Amino acid sequence: GQPFRFSKDPENPKNKSAADNYVKPGEAGPLRPSDAARSFTVFDDLELEQVLAEPIVRQPLQLSWDERGRLWVVQYIQYPAPAGLTLVSRDNWWRAVYDKVPPPPPHHFKGEDKITIHEDTDGDGKFDKHTTFIEGLSIATSIAHGRGGVWVLNPPYLVFFSDTNHDDIVDSDPIVHLAGFGLEDTHSVANSLRWGPDGWLYGCHGSTVTANIIRPGLDEKPIARIMGQAIWRYHPETRRFEVFAEGGGNAFGLEMDDKARIFSGHNGGDTRGFYYPQGGYLQKGFEKHGPLSNPYAFGYFKQMPHNAVQRFTHTFVLYGGGAFPEKYDGELFGAEPLQGRIVLSHIESDGSSFKTHDLGYAVTSSDKYFRPVDIKVGPDGAIYVADWYDRQVTHTHNYEGNIDKSNGRIYRLKKKDAAPPPKFDWSQATGQQLASLLRSSNRWTRQTALRLIGDRHDKNFAPVFHQLCLESSGQLALEALWASHLSGGLDDAMALALLDHKDSFVRLWTIRLLGDENHLTQSINEKVQRLALSEPNVEVRSQLASTAKLLPAPQGLPLARNLLARDEDANDVHLPLQLWWAIESKAESDREVVLTLFNDPTLWNYKIVRTTILDRLMKRYAMAGTQPDLLACARLLRLAPQRADAKLLLNAFEDAFKGRSLGVIPPELQDAIAQLGGESMALALRRGNRTVLPEALKLVNDPSTPKPKRIQLIQVFGDVSYPEAASPLVEIAKHESDPALRKEAISALQIYDDPKIASEIIPLMESLPADAKLAAFNLLASRRVWASLLVKAVEQADVPAKSVPGEIVDKLRLDESLASTVDQVFGPKVNFDKAAVDSRMKDLEKIIQSGNGDPFEGFKHFNLACSTCHTLFGKGGQIGPDLTSYKRDDLESMLMNIVNPSGEIREGYETVVIETKDGR
């Protein structure tokens, strides 16, 4: 019963006072809170007021409210370095390796993070009472109220602090529910904890961290692994943990709209964010984290389409507060910390997904230190904004020690002249009072009422909510369904009735809640199967597809089969892939049931089957490549009702073996291929069938052979070694007029370990087109003997040293036997010199600020020096990131990237060196 406090000084006097840095308005540097509050431009029908500032709040990261209307703030003061850990190493994405895993609270290493409560005691709209609930935490990112206490997401842990009597004093030592969230990058650790209306806790997982989730007391080994971006959820009562959807951006901020659809923002330059259907695989930083966890996903959902944006929307809300002018209902208000503004976007349906376009900027500021990092709609229907308030929030600068931990502000964006809201306390509300709150126009009110209903789990009220759902329509019916479920009242009888409900989202959520149990009773299953054939709403059909993936094969596959019959969904942005994932989830565990589906010739005629399922299923079994899988390929070929179907399957089979040879295949598959009139030449070559080699070499050498066919065969000869092919490939490299064929032939030569190849290619270097020349340099640098001949040619001036790309020179240096000669020929490797970089940046800054430049000369220089790799306004190369969406008026960041371009390499643009067993 003692207060749970970690540090002796709640104000952390180690940090300098913000007053030491304040400047006058108009000057560069941080402004006093009162001056900063006057720096904003806001829509005419809204107004912005500052409600909290330092020293009361510092580094505010997450905002939330309890059932008494009190504002809770997570102050992320410990960022960026976890307390008590020693940095061992860090990669070029700033992913850190520490010397140990910190212990959980209360035995953790004490840090500076704290969770504070702010209350308006007299109802005048001003927070006049401030309480510290917990302090001394380290890397605490978010909280959620409920179940008799406060849930704290404090990577690597999800911890529950009990406070059953609501006195703001922790009852006892906290309980660790989950462990294993990564700490590699405190810029993107697990974050944004919040309740769903289904009684699960949801959270985000950022792009630069991994997780190996363990449930202490239940599991000795991890039950789930997360590689980068994801939305996850945890059910406290059953202790189930699952990845709800994989992928997305550097997910920070988790929004649920009126229908509890799940969204998160994105830190890229081409979208406002992602929409996450259950069980979906979404676009992610593949180069950074590798592929999706399922190697047979064969596709992913892209971000919500959007008109051009400037990077980036950090997190956003879909307004549902009921207190703004009606035109804002349902619109997207997004925080843009790099630009220091709040954007307003329109969001609308795009099939079963969504798309957005910008309407303007609700809030802008002349204060360059305004850095909005969290945005929430409060109990009063106003939008609250957490302002990190610092010179930078970009990744590199933060890790270079430039964080000012003394600052932080919170603002309230409200309707012009809106009166302060009345005080309330729902902690002792009756069930009937909570039921009445479900009618509120404020989404926060409804969600809080649902959370309190879930806390109580009073089955006596389930029939009340059930009846309310049946008698209502629209949003109230949906709220009543959630309330009934949280009260423990969603039984079969109710579910059967609700599957006929006139509101499509009641049907959708009934399906989703039933599917979460991973099994349907017979009566429910029969009803759901029929619904798949008749359901008119595309979002409900999307949920049915998600649920099919969760159900056992005898239920999930017939459900998917019925949805495949809906040809109108063939062009939907989500449904075809969702149905593939439902089938793929059973492809190995229930192979026979999957194949039996295709006994029906009618199935082969459905649009989704032809465009999305057939080739993926064949490719999935071919890539797995075990004997049972290859026999499944043979069976599919025999089941194909039309020759065109079989040809589609065979093309997919061949595509599965691109880049590798094909071992011995079972006679059944050989017979099935033979019945089609024989395998393709490329497939025969991959299988090691030398009988087709003479004809293949003839076709490769013949200029009259169609170019796609020649390229296909060249690529096969680059994947599967046939010594007879080396000489024809050299001849193509030497004499072919088509640059693409020359490039492919040079690339294919890498697998042929013949010293003569270098002697043939080096004399061509000056005459090769750009792409072929780069391929040639990569070829010559790929083997020791060839590399030594290239270095010798440069030494003798047969190849100009300046023509050899820097990355090739670095590659040559990796060979210790060549390193000293490479240094003599190309000069020693220039090591990073921070002092020199800083000095150069200061010199350039003085030049830039001394007068006006010439944009026309700049344009010429950009085309010469930059556009080979970078795109700007649609023109340029794609070796480096597209610069169009970057904040190009940030002089310091631009100069850093120009003077030291390798200081921070974005994912997908790094150099990777692999050493192969055959000597490359």
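Residues numbered from 1 in each chain as written. Predicted model: local features only at pLDDT ≥ 70, side-chain atom pairs only at ≥ 80, totals over all residues. Heavy atoms only, no water.

Draft legend 1. Layout of the overall build of the protein. Broken down by element type, the protein carries 31 helices and 30 strands. Relative to its length of 920 residues, the protein is compact, with a C-alpha radius of gyration of 31 Å against a globular reference of 29 Å. Principal-axis analysis of the C-alpha atoms places the extent of the protein at approximately 90 × 75 × 50 Å. Relative to its full complement of 920 residues, the protein shows a buried share of 56%. Across the protein, every contact between residues at least 6 apart in sequence was considered, and the portion connecting residues at least 24 apart equals 66%. Within the structure as shown, the protein displays about 38800 Å² of accessible surface, and the carbon and sulfur contribution to it stands at 52%. Placing the 104 positive and 121 negative side-chain charges of the protein at their respective mean positions leaves the two points 2 Å apart. (Helix = DSSP H or I, 4+ residues; strand = E, 2+ residues; numbered from the N terminus. Rg over C-alpha atoms; globule rule 2.2 N^0.38 Å. Buried < 20%, exposed > 50% of the residue type's maximum accessible area, 1.4 Å probe, protein only. Contact = heavy atoms within 4.5 Å. Areas by Shrake-Rupley, 256 points an atom, 1.4 Å probe, with all protein chains shown as cover. Lys, Arg positive; Asp, Glu negative; His and termini not counted. Charge placed at Lys NZ, Arg CZ, Asp CG, Glu CD.)

Draft legend 2. Local environment of the confidence of the model for the protein. Per-residue confidence for the protein gives a mean pLDDT of 90, with 93% of residues at or over 70. Here residues 1-16 is a poorly scored stretch, pLDDT under 50, and it has 40 contacts once near neighbours within four places are set aside; other chains count. (pLDDT = per-residue confidence, 0-100.)

Draft legend 3. Region of the structure containing the sheet that holds strand 19 (residues 254-256). Reading across from one edge, 19-20-21 is the order of the three strands in this open sheet, with antiparallel pairing throughout. Each of the sheet's edge strands pairs with one partner strand only, and the pair in question is strand 19 and strand 21 (274-275). Relative to strand 21, strand 20 (residues 262-264) is paired through two bridges, and the arrangement is antiparallel. Across the sheet, Ser 264 pairs through a bridge with Phe 274, a residue of strand 21. (Pairing = 2+ DSSP bridges.)

Draft legend 4. Region of the structure containing the nonpolar core. Of all hydrophobic cores here, the largest spans 143 residues; its most connected members are Phe 598 and Phe 653. Discounting chain neighbours no more than four positions away, the residues touching Phe 598 are Leu 603, Trp 604, Val 609, Ile 613, Leu 614, Leu 617, Leu 636 and Leu 639. Residues Ala 696, Val 700, Ala 775 and Val 791 belong to the second largest nonpolar core, which totals 57 residues. (Core = buried A, V, L, I, M, F, W, Y, C linked by side-chain atoms within 4.5 Å.)

Draft legend 5. Up close: the sheet that holds strand 23 (residues 332-336). Spatially, five strands are ordered 1-25-24-23-22 in an open sheet, and the strand pairing comes out antiparallel. Strand pairing shows two members of the sheet lacking a second neighbour, strand 1 (40-42) and strand 22 (315-318), which therefore form its edges. The mean angle between the axes of side-by-side strands here comes to 30°, regardless of whether they run parallel or antiparallel. Both strand 23 and strand 24 (residues 341-350) contribute to a ladder of five bridges, which runs antiparallel. Residue Glu 336 lies in a different strand from strand 24, and its bridge partner there is Arg 341. (Axes fitted to C-alpha atoms, helices over the stretch in contact; angles between N-to-C directions.)

Draft legend 6. Spatial organisation of the pattern of salt bridges. A complete count under the given rule lists 54 salt bridges for this structure. Where Asp 198 meets Arg 233, a salt bridge forms, and the shortest distance between an N and an O atom there is 3.2 Å. Of the two residues, Asp 198 is situated in the loop between strand 13 (191-195) and strand 14 (201-205) and Arg 233 in strand 17 (residues 230-235); the sequence distance between them amounts to 35 residues. Accessibility expressed as a relative area gives 2% for Asp 198, which makes it buried. On the accessibility criterion, Arg 233 (0% relative accessible area) is buried. The structure contains a network of salt bridges with shared partners spanning Arg 194, Glu 255, Asp 258, Arg 443, Arg 446 and Glu 479. (Salt bridge = Lys/Arg side-chain N within 4 Å of Asp/Glu carboxyl O.)

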